[in-house]
Amino acid sequence: MSGLRLGRRSFMLGAAGGSALLAYWMRSAVARAEGEPGPKRLVIIHRPNGTIAEDWVRGGARGPILEPFAPVWDRAVVLKGIDVRPSNGTTGGSHEAGLVTIMTGGALGATYRTNDDFRSTAPSLDQRLAKQSPLLKGRPIESLQLGSHGAQDGGNEIPNTTLSYRGAADPMYPELDPSKVLSRISALIMPGGANPNNDAAIARARARRKSVLDFVRGDLNRVRSAFPASMKADLDVQEAAIRELEQGLGGGMMPGAVSACTAPSALSGAKAGGNYQNTEKVAADHFKLIVAAFVCDLTRVVTFQWATGASLLAFGDLGTNNHHSTSHANQRGVLSSVDRWYSEKTSAFIQQLANTADVGGGKLLDNTLVWYINEISEGWSHSFNDFPFVLFGGDGVGLKDRGRILNVSGQGKTSNDVWTSFAPVFQTTLGGYATKASGPIAGLFAV
Amino acid sequence: MRAAVALVVAATTAAIACTGEIGSQGGLVGGPAAPGDIPGPGGPGTSSGVCKGLSARVSRLTDRQLANAVRDLLGLSKTPAFETGSGGKEEFMPVRPAAVSGGVALKLRDVAEVAAVEATAAGKPAATCAGGDERACAKTFVERFAPRAFRRPITVEERDALLSVYDVGRQGETHAVGIRTVIEAALQSPSFIYLRELGDAADGDAVALTPYEIATKLSLFLRDSIPDDALWSAAESGKIATPEGLDAEIDRLLGTPEVRANVTSIFERLFQLDRISTVAKDASVKEFTPAFADSLRAGTRKFLEEILWGNGGQDAKLKTLLTSSKVFVDKNLAPVYGATASGDGLVAVDLPNRAGILTQPSMLTIEATPSDSSVVHRGVFVLRELLCFHPPPPQADDLAQGDELKKNLHTERARAEKRATIPRCAGCHSFIDPLGVSFEHFDTLGRYRTEISTPDGPVPVDASWDFSVYDVKGRVANSTELASRLAESDAVKTCLVRQFASYALGERLGDDQVCTTAKVKESFTGAEGDLLSLIKAVARWEALRTRDGGAR
């Protein structure tokens, strides 16, 4: 499908799902038309089970695993010498601890079911940015969480299956099914742009949603007297959630002209599961959807998981039927091929961002910061030192001196310092981490 | 998941001594020691002399119940995906569902909005208004829909509040949009999300749950969802609160295919079969592929179906469940387990040396390490799920000690024998290891073996052990003999009653509450371990209808 043709009903679904924010979207689209800079965005992409250090960076230069990024090398800064320091003081340990620490900077919480199924004790930093950055917030979809393979090896541990947390111990699981994301995005695209009819429809949708929340709040107040006192804490949590949803409805609306934007071309229809070849199809669909969402400026914060931490994804042709299990066996040749495969496919997405026109002029990647991460450094040892991180972007997000490997070894830099470094790009700051941090990385961003 | 190394080690040593001093830590049952001279981890259902009834309460529907309820309430074609991180979807004993925080509220809103659109699509009953008086249609809809969603009659105030929601939704839009807005509001409300077990009376010694609460509790147990039309009628008429009415509904429900499928699923959850989807084996175990795992699971589901519902229910006995030599194999499984299967589907074969659910290839594959059997995994499973004893997790020092054992001792049995001589290990492992060693004839995929290859050459399997585990005492030769002993064990029956009662309650029964299941146990043992009698007796369990006064 290209060139969107949606009926009124489709739009109304969307209106129910984000009408007032849609109004903001329209307002900022007007602002752009008047010459303001285009939207800035943040994307975190995670692939699992560590890398093979000598094939990542070799002799201070791009190793074979990084080679597939050659076409976008002028958009990349490879970070070397960044550690992850979970609150339990380990310099090596579990996939869960790594992912929670990178994404939240918080201390490891109590475990859910097994001895490293840690709860997060803080919201994830992408969510803090989504809420507090004036450049990231206020979109019809506040943030998107996507993933292409959901099965992990040997358990079902929550910290491996999610990057984002709305609050402490409040995971936002990635959507694995591209068709659901398509419905969500398509429903928000408004045929005909802003006109008096659509404006009125937006106002009605907003009123409907407010009415729903009013009822829910009323019901909550009614059950308070009937429920036992032990339920008070849970009801307080829900009341706070209602308040947050109400705030999301936003204030004034300022409809105006909206530039044309279209839904993505046909999806492959692949469903998450199966081996790496199927996973590639699912991911390719998600990438199309991300591009579409960006072009329509429906969201500015995306987290994407190729596969869960400790993923068991099978790469039969590359020599493993279980990536995580093979990482423990330290079959370095096989593991190198797998991580190179992730590089190839991620590079293809970065190239899409680099080649797609942005709404405010230039290309999407000019204004998009992509951080490519892993939950551990090397799989066999579970090292927490020298993580294989790459940043991609352009001048719009101030990523300086691209096309290099920035070695900060020995400076005590952690994943928290990466967040601290780019928060100002989004006109905000991050700090107060419960885990080790030593301040921004010098010379990385021009802000 | 944790490092595979840690996994093995963690499972290899549980070293807090399992003594009575530990009390209920780590799920240990307190109370007096198990029979005989065993230091006391309690047992499958101990009586400390205090019998504590169950309190009135409110709890959130689990993710699975909530999703099923949305589906059934609106007649959706598919069950919506709703998962909040409250624990595995197919867990037998749910952890406390997460409160409706910001993330959960967003997810719930998504589910409600998508479901409401499907339910009010053109031509659907909810969107249709015969006669043209839309406000009257809306009133009829609210009066029919909201009580089913809230599982109780609604007040006039609630009805009017929902009609106001309709009015806002209808303004400038269609009747269907008005109804859609009502559905969205109801599905996000605490009255839908939370399960009441409060009864009518505010206080008193015993509180009878309302007929609606009784019907809902029964339905969540047997249907895994909210009441269907007939059960709802039995609640409205009050019949469900009478012994005859309750029995009639239990019998009716157990005759329906959907309830039978759910009861099979309850057994699957008890044996944790969904874990097969996350099992990993070493690359050297080439037989183990995702398709193989699917076949393993399907084979055991078929095994359970046959026992529970085949042969007119005559085989639905604890003894058959634990001792049947039947295994269902397809083309994927047959060659690996020494059977033949022709055609597409699963065929039943009798395999020598198999005895019941515990020796199903799926179970043995799940309870194993990536490359070998696992005495500790298998022993802990039987101890936890069939004897209701939850040993405490190992400490860091114990893990290190377990690692040491692995360096020098090359069979699971040799390590178990060593643990029996180390005081800090022996406490718990005197319960765990005998059970686990019994299964040593089965490798990482549950293939039968008579010897084990080690760096020192092949070692013949010895699966025998001198038992003193509750009422299983004396020499037990292997898993076949163990299965027969477990099938006769009173401790196992007590534990299974506790397990299913806890499942129906939605919360693990405390040691001092097991006493409330005495009649259920009587029915189960009286029926010679008949599993459907167990299900019925749990459905009739008084605690699902009456509570102690004073809500928590």
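Residues numbered from 1 in each chain as written. Chains lettered and ligands numbered in written order. Predicted model: local features only at pLDDT ≥ 70, side-chain atom pairs only at ≥ 80, totals over all residues. Heavy atoms only, no water.

**Looking at the overall build of chain A**
A tally of regular secondary structure across chain A gives 11 helices and 13 strands. Within chain A, buried positions represent 59% of all 447 residues. Within chain A, contacts between residues at least 6 apart in sequence are counted, and of these 74% link residues at least 24 apart. When the accessible surface of chain A is split by element, carbon and sulfur atoms take 52% of a total near 14700 Å². (Helix = DSSP H or I, 4+ residues; strand = E, 2+ residues; numbered from the N terminus. Buried < 20%, exposed > 50% of the residue type's maximum accessible area, 1.4 Å probe, protein only. Contact = heavy atoms within 4.5 Å. Areas by Shrake-Rupley, 256 points an atom, 1.4 Å probe, with all protein chains shown as cover.)

**Here we look at the state of the cysteines**
Residues and elements named next belong to chain B. Counting across every chain of the model gives 3 disulfides over all chains. The disulfide that involves C51 links it to C515, with 2.0 Å between the sulfurs. Judged by the sign of its S-S torsion, about 100 degrees, the bond between C51 and C515 is right-handed. Taken together, the residues C51 in the loop between α1 (4–12) and β1 (57–60) and C515 in the loop between α20 (490–505) and α21 (518–526) connect sequence positions 464 residues apart. Residue classification places C515 among the partly exposed residues on the basis of a relative accessible area of 27%. Between the sulfur atoms of C388 and its disulfide partner C495 the distance amounts to 2.1 Å. Looking along the S-S bond of the C388-C495 disulfide, the torsion reads about 85 degrees, which is the right-handed sense. Note that C388 is positioned in the loop between α15 (375–387) and α16 (396–408) and C495 in helix α20, a separation of 107 residues in sequence. (Disulfide = S-S within 2.5 Å.)

**Describing the confidence of the model for chain A**
Chain-level statistics for chain A give a pLDDT mean of 85 and a share of 85% at 70 or above. A low-confidence stretch, residues 1–35 of chain A (pLDDT under 50), is modelled with 94 contacts involving residues beyond four sequence positions or located in other chains. (pLDDT = per-residue confidence, 0-100.)

**Topic: the packing of helix α8 (residues 211–222) of chain B against helix α9 (residues 229–236) of chain B**
Residue and element names in this part refer to chain B. For the pair α8 and α9, the least separation of the axes is 8 Å and the interaxial angle reads 155 degrees. The angle between α8 and α9 places the two elements in the roughly antiparallel class. Where α8 crosses over α9, the two elements pack in a sense that is right-handed. Across the interface between the two elements, P211, Y212, A215, L218 and S219 from α8 touch L231, W232, A235 and E236 from α9. (Axes fitted to C-alpha atoms, helices over the stretch in contact; angles between N-to-C directions. Parallel < 35°, antiparallel > 145°, perpendicular 65-115°, else oblique. Left-handed = near helix turned anticlockwise from the far one by under 90°.)

**Description of the pairing of strand β1 (residues 41–46) of chain A**
Residue and element names in this part refer to chain A. The buried count for β1 comes to 6 of 6 residues, which makes it a mostly enclosed element. Of the two faces of β1, both are covered, the one formed by R41, V43 and I45 as well as the one formed by L42, I44 and H46. Where β1 and strand β10 (residues 301–305) come together, 5 bridges link them in parallel fashion. Within β10, the residue paired with L42 across the bridge is V301. (Pairing = 2+ DSSP bridges.)

**Topic: the interface of chain B and chain A**
Contact with chain B, which involves 61 residues of that partner, is made by 60 residues of chain A. A buried area of about 5000 Å², summed over both sides, lies between chain B and chain A, and 57% of it is on carbon and sulfur atoms. At the boundary of chain B and chain A, one finds 5 salt bridges. When residues of the side of chain B that touches chain A are traced back to their parent elements, those giving at least two are α1, α3 (102–119), α5 (156–170), α6 (175–187), α7 (190–193) and β2 (194–197) of chain B. It is α3 of chain B that contributes the most residues to the side of chain B that touches chain A, 9 residues altogether. Classifying every residue of the side of chain B that touches chain A gives 27 nonpolar, 17 polar and 17 charged. (Buried area = accessible area lost by both parts, 1.4 Å probe. Salt bridge = Lys/Arg side-chain N within 4 Å of Asp/Glu carboxyl O. Nonpolar A, V, L, I, M, F, W, Y, C, P; charged D, E, K, R; others polar.)

**Some points on the nonpolar core**
One finds F267, F271, L321 and L358 of chain B to be the most contacted residues of the largest nonpolar core, which totals 105 residues. Setting aside anything within four residues of it in sequence, one finds F271 of chain B in contact with L321, I357, L358, M363, F381 and L386 of chain B. The next biggest cluster of nonpolar side chains, apart from the first, holds 58 residues, and it includes L213 of chain A together with L61, F82 and A146 of chain B. (Core = buried A, V, L, I, M, F, W, Y, C linked by side-chain atoms within 4.5 Å.)

**Quick notes on the sheet that holds strand β11 (residues 368–373) of chain A**
All names here are of chain A. Ordered in space as β7-β10-β1-β11-β12-β4-β13, the 7 strands form an open sheet in which the pairing is mixed. The sheet is open, and its two edges are formed by β7 (144–147) and β13 (404–407), each paired on a single side. Strand-to-strand twist in this sheet, taken as the mean axis angle between neighbours without regard to direction, amounts to 20 degrees. Note that β7 and β10 share 4 bridges and pair parallel. Within the sheet, the bridge partner assigned to G147 lies in β10 and is Q305. Contacts between helix α3 (residues 95–104) and the sheet are confined to β1, β10, β11 and β12 (389–392), with β11 contributing the most and set at about 160 degrees to the helix. Along the sheet face, helix α8 (residues 276–295) touches β1, β7, β10 and β11 and points at about 175 degrees away from the line of β10.

**So, the confidence of the model for chain B**
All names here are of chain B. Mean pLDDT over chain B stands at 88; residues scoring 70 or higher make up 89%. Long-range and interchain partners of residues 1–17, a stretch whose pLDDT sits below 50, account for 66 contacts in this model, where long-range means more than four residues apart. A low-confidence stretch, residues 19–41 stays under pLDDT 50, and its non-local contacts, those more than four residues away or across chains, total 52 contacts. In the predicted complex, the global pTM is 0.76; the interface-specific ipTM is 0.88.

**Thoughts on the pattern of salt bridges**
Where charged atoms from two side chains of opposite charge come close, those side chains can pair. Residue and element names in this part refer to chain B. Under the definition given, this model contains 69 salt bridges over all chains. For R152, the salt bridge is made with E158, and the minimal N-O distance between the two is 2.8 Å. Accessibility assignment for this pair places R152 and E158 in one class, buried. The closest approach of N and O atoms between D530 and K317, which form a salt bridge, is 3.2 Å. Pair noted here: D530 is in the loop between α21 and α22 (531–539) and K317 is in the loop between α12 (290–309) and α13 (318–323), with a separation of 213 residues, a long-range link. Judged by its relative accessible area of 25%, K317 falls in the partly exposed class. Shared partners join several salt bridges into a network, and the residues in it are R71, D72, R223, D228, E249, R252 and E258.

**A look at the environment of V70 of chain B**
Residue and element names in this part refer to chain B. Position of V70 among the secondary structure elements: in helix α2 (residues 63–74). Residue classification places V70 among the buried residues on the basis of a relative accessible area of 1%. Between the C-alpha atom of V70 and that of F431, which follows or precedes it by 361 residues, the distance is 44 Å. Setting aside residues no more than four positions away along its own chain, V70 makes contact with L76, P80, V111, A115, L187 and F192.

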